[in-house]
Amino acid sequence: MNKPILGAPDGEAWDTGAGSLGEVDRYTAVGKSPERVDALKLALGKGTYADDVALEGMLHLKLLWSPHAHARIVSIDTREAEKEPGVRCILHHGNVARIPYTTAGQGHPEPSPYDTFIFDKKVRFVGDRVACVAADSPEAAARAVAKLRVVYEVLPAVLDPQQALLPGAPVIHDEPEATGLPGFDKARNIAAAMDVDHGDVEAAFARAELVLERAYSVPYQAHCALEPHSAVTWLDEDDRLVVRVATQVPFHSRRILARILEVPVQRIRVVKPRIGGGFGGKQEILLEDLPALVTLRTRRPARLVLTRAEEIVSSRLRHPQLLRWKSGVMKDGRLVAQELEVLANTGAYGAHALTVQTCTAGKTLPLYRAEAYRFRMKTVYTNLPVAGAFRGYGGPQGFVALESHMDELAGMLGMDPIEFRRRNVVGPGDENALAQALGEGKEGPPQRFRSCAMQECIDRGMAAIDWARRPTLPRTGTVRRGMGMSCLMHGSGIPGVDMGSARVKLNEDGSFNLHVGATDIGTGSDTILSQIAAETLAVPVGKIVIYSSDTDHTPFDTGAYASSTTYITGVSVKKACEGARRQLEDAAAEMWRHRGDACDRAALFVKDGAVCRPDGERLSYADICLSTFYTHDQHQIMDHGSHMSFECPPPFAAHFAEVEVDTETGGVKVLKYVAATDCGVAIHPKSCEGQTEGGCVQAMGYALSEDLTFDAAGRTLTDGFRHYKQFSSLDLPEFQTILVPSFEPSGPYGAKSVSEIPADGPGPTLLNAIADAIGIRIRELPITPEKVRRAWLAKQAEEARS
């Protein structure tokens with residue numbers, strides 16, 4: 001009997017039916033790469049997005065954004081704006097209910113401060129909401145916005161997280177309603193804080209033969225999804241509010257909207273259409289409240305779509321962090337103590353302020369064995385744009401520090417960086433030392449690594465990059481080369497929190513309708529969940545008709561975040577389909593009994609869309625359905641499944657890069673990048689490759705070129721793609737993805753996550769490769785040519801002095 005995993009409904013254990021990698025060759029749908037279920041309609045332009053609807057009488061919304069980093073609103077004069085032809089509604093703090101909430105799309109109760117209002121009497125960053133105009137056309141709404149007259153009392157602003165902590169710093173959230181979890185201290189501008197010790201930290205550092213302490217810095221990053229935030233709302237024929245929104249979290253959106261709009265949940269339907277990228281930025285209830293409120297007040301459809309500049313400035317960003325990493329190590333290379341201190345900038349509001357930073361520690365510190373660990377964290381309010389969820393969710397920041405630090409330690413010990421990591425990295429059977437301390441706003445369940453192919457990831461990555469060439473790379477002259485690597489791990493869902501559900505029913509032609517609350521945001525999860533259903537029911541993927549993400553018509557799911565969909569909802573789908581399969585076998589046995597040809601029910605099995613007997617007799621699913629619908633033992637064959645897991649199996653990876661550095665210009669060119677990843681059994685290998693390549697390219701921009709800059713007044717200077725430089729196809733290196741198989745017994749058909757771990761690697765990998773090329777350790781992102789050139793000149797000056 002396989003070890004059961006926890007998290008089944010009513011507390012019973014659920015057996016995964018887990019086996020080993022040897023079973024994978026027998027899979028018929030899993031482990032293959034069929035055409036995506038939405039491929040044709042998207043290619044033909046038929047896959048509609050949130051804004052691809054035009055409703056009769058629709059109003060268009062435009063917002064007035066704060067021009068000040070910190071100010072009180074003394075008055076808003078709407079009289080001239082109201083005279084603009086076509087204006088139907090103007091919203092501001094004076095005519096909207098004042099209900100504190102968080103925009104974070106997290107499970108209830110959300111582990112984020114309630115520090116936000118639909119509109120407030122105070123603005124806290126340049127780009128904060130001031131007022132909203134709804135009009136018959138976008139042009140009329142924009143003209144009316146320009147006619148709003150606002151008197152501000154400008155307040156002192158604080159733009160630096162270290163200064164925000166100083167005595168006498170401006171208090172950003174002085175409203176009495178703002179509340180948070182333990183550690184929240186609005187009087188000191190602290191949105192979240194945590195102190196964790198595991199083991200005797202002081203004794204471990206005292207015993208260490210070498211102690212190294214270094215500081216690292218990582219910046220904001222904009223999501224830059226092709227589709228901006230958008231929402232369209234209307235009242236249906238039953239006078240219920242329908243919200244069509246680009247979101248990763250439709251059920252969280254419905255719950256939070258009901259609260260702040262003071263409308264019962266039963267009166268709201270949230271629909272997630274196709275999504276043009278989310279990356280965490282759409283894990284927020286960011287804008288749908290405004291068109292919803294306009295629709296409720298005017299009884300007309302309403303539309304709000306952010307511009308690109310609004311998207312960069314006024315949506316959400318990756319948290320900037322200052323990290324201090326301290327390690328104690330023995331001369332033989334054994335780590336004995338690790339300490340991480342993080343000071344994070346959440347900007348003006350605290351959505352995800354706690355949990356992003358706990359993931360910074362939770363994904364990094366336990367990767368290497370030690371006797372003791374310490375984590376200190378503060379997330380601080382500033383008068384800058386708001387940070388939130390972003391692919392990797394704290395991991396990319398933490399791994400910049402950890403994996404740079406591991407290279408520095410190896411260098412001080414005179415060890416090869418890979419050998420040093422091999423000596424300390426976790427493996428199968430090891431415990432996650434900090435899992436309980438770093439739960440989702442509460443104590444988490446204990447974790448043990450049951451699947452881990454890290455050593456093979458290292459082996460295969462070394463071979464692909466030809467690591468043996470590293471000592472021979474040219475490191476003299478103007479243009480120099482180097483190689484770097486990093487080891488990574490992430491997670492699969494939030495243990496004890498994330499839950500997904502699925503429902504499946506049989507049709508007369510032997511096809512199945514699969515309804516899931518899970519949210520496909522371009523990741524291909526509709527296809528992957530269809531494959532899991534097809535594998536369980538022994539039918540082709542084309543026999544699965546999937547419908548997802550509609551709070552009226554699909555069962556509950558927490559949403560697309562925390563790398564949870566395949567691991568959590570995939571098991572829900574498997575459970576539902578196993579129930580339907582049992583019903584099919586029961587119905588077939590009854591049909592044979594009714595015909596006078598009784599059989600051994602326990603010997604029945606499913607294959608190729610039919611229930612089969614060992615003697616070769618078979619009944620197709622279509623025949624069974626026609627019988628159960630119309631002739632004998634009439635009933636609908638259908639079932640549902642829900643799943644929540646107390647386990648969170650990490651994917652593991654080893655990333656490698658070869659770079660070329662021009663010491664005269666400071667330019668860095670990535671020549672080759674290799675990502676070897678253990679994501680368990682890859683349900684859809686091509687999708688896994690696409691996730692890996694896309695995540696790495698996104699993080700290469702974070703590492704090398706994406707630089708969100710502000711002036712002294714807190715205004716964003718890089719609010720468009722002309723000046724905010726992402727990696728493009730012209731920048732891409734030779735790229736090799738290697739999927740290293742393992743079998744995760746708690747996952748569906750051996751799978752675990754893959755979507756976020758690629759974003760963890762490029763930052764530290766490229767920093768280490770640059771250090772190898774020019775002998776200079778840069779400890780901050782982005783690694784712009786200016787920084788490289790300045791570091792090179794400083795090194796030359798130091799060498800000249802010596």
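This is a predicted model, so every value here is computed, not measured.

K.L.:
Explain the side chain of D550 here, please?
P.N.:
You can see D550 is positioned in the loop between β19 (544–548) and α14 (565–594). Among the residues examined, D550 registers a relative accessible area of 0% and is labelled buried.

K.L.:
Could you clarify how one ought to interpret the environment of S314 in this entry?
P.N.:
For S314, the location among the structural elements is in helix α8 (residues 308–314). Residues S314 and A773 lie 459 residues apart in sequence; the distance between their C-alpha atoms is 39 Å. Leaving out residues up to four positions away in the same chain, S314 has contacts with W65, F125, G127 and L286. Only 2.8 Å separates the side chain of S314 from the backbone oxygen of G127, close enough to count as a polar contact.

K.L.:
How should the pairing of strand β26 (residues 734–739) be read in this particular structure?
P.N.:
Consecutive side chains of a regular strand alternate in pointing toward one face of the sheet and then the other. With six bridges joining them, strand β25 (residues 668–678) and β26 adopt parallel strand pairing. Directly across from Y673, in β26, lies its bridge partner F735. Regarding topology, helix α16 (residues 685–704) serves as the crossover connection from β25 to the parallel β26, and that connection is right-handed.

K.L.:
Mind showing me how you'd approach the sheet that holds strand β2 (residues 71–77) here?
P.N.:
Sheet strands line up and pair through hydrogen bonds in the backbone, either parallel or antiparallel. Taken together, three strands build an open sheet; the order of strands is β4-β2-β6 and the sheet is antiparallel. Single-partner strands in this sheet number two, and they are β4 (122–123) and β6 (149–154). Relative to β4, β2 runs antiparallel, the two sharing two bridges. Residue pairing across strands places A71 opposite V123, the latter belonging to β4.

K.L.:
Hey, could you run me through the side chain of E756 in this one?
P.N.:
Among the structural elements, E756 can be located in the loop between β26 and α17 (762–774). Within the buried core, E756 has no salt-bridge partner, and the shortest N-O distance to an opposite charge, that of R391, equals 6.8 Å. Within the structure, E756 has its side chain in polar contact with the side chain of S563 (distance 2.8 Å). Once residues lying within four places of it in the same chain are set aside, the contact partners of E756 are F390, R391, G392, Y393, H490, A562 and S563.

How each quantity is defined
- Residues numbered from 1 in each chain as written.
- Predicted model: local features only at pLDDT ≥ 70, side-chain atom pairs only at ≥ 80, totals over all residues.
- Heavy atoms only, no water.
- Helix = DSSP H or I, 4+ residues; strand = E, 2+ residues; numbered from the N terminus.
- Buried < 20%, exposed > 50% of the residue type's maximum accessible area, 1.4 Å probe, protein only.
- Contact = heavy atoms within 4.5 Å.
- Polar contact = N/O pair within 3.5 Å; in protein donor to acceptor, adjacent residues only side chain to side chain.
- Pairing = 2+ DSSP bridges.
- Right-handed = clockwise from strand over helix to strand, strands pointing away.
- Lys, Arg positive; Asp, Glu negative; His and termini not counted.
- Salt bridge = Lys/Arg side-chain N within 4 Å of Asp/Glu carboxyl O.

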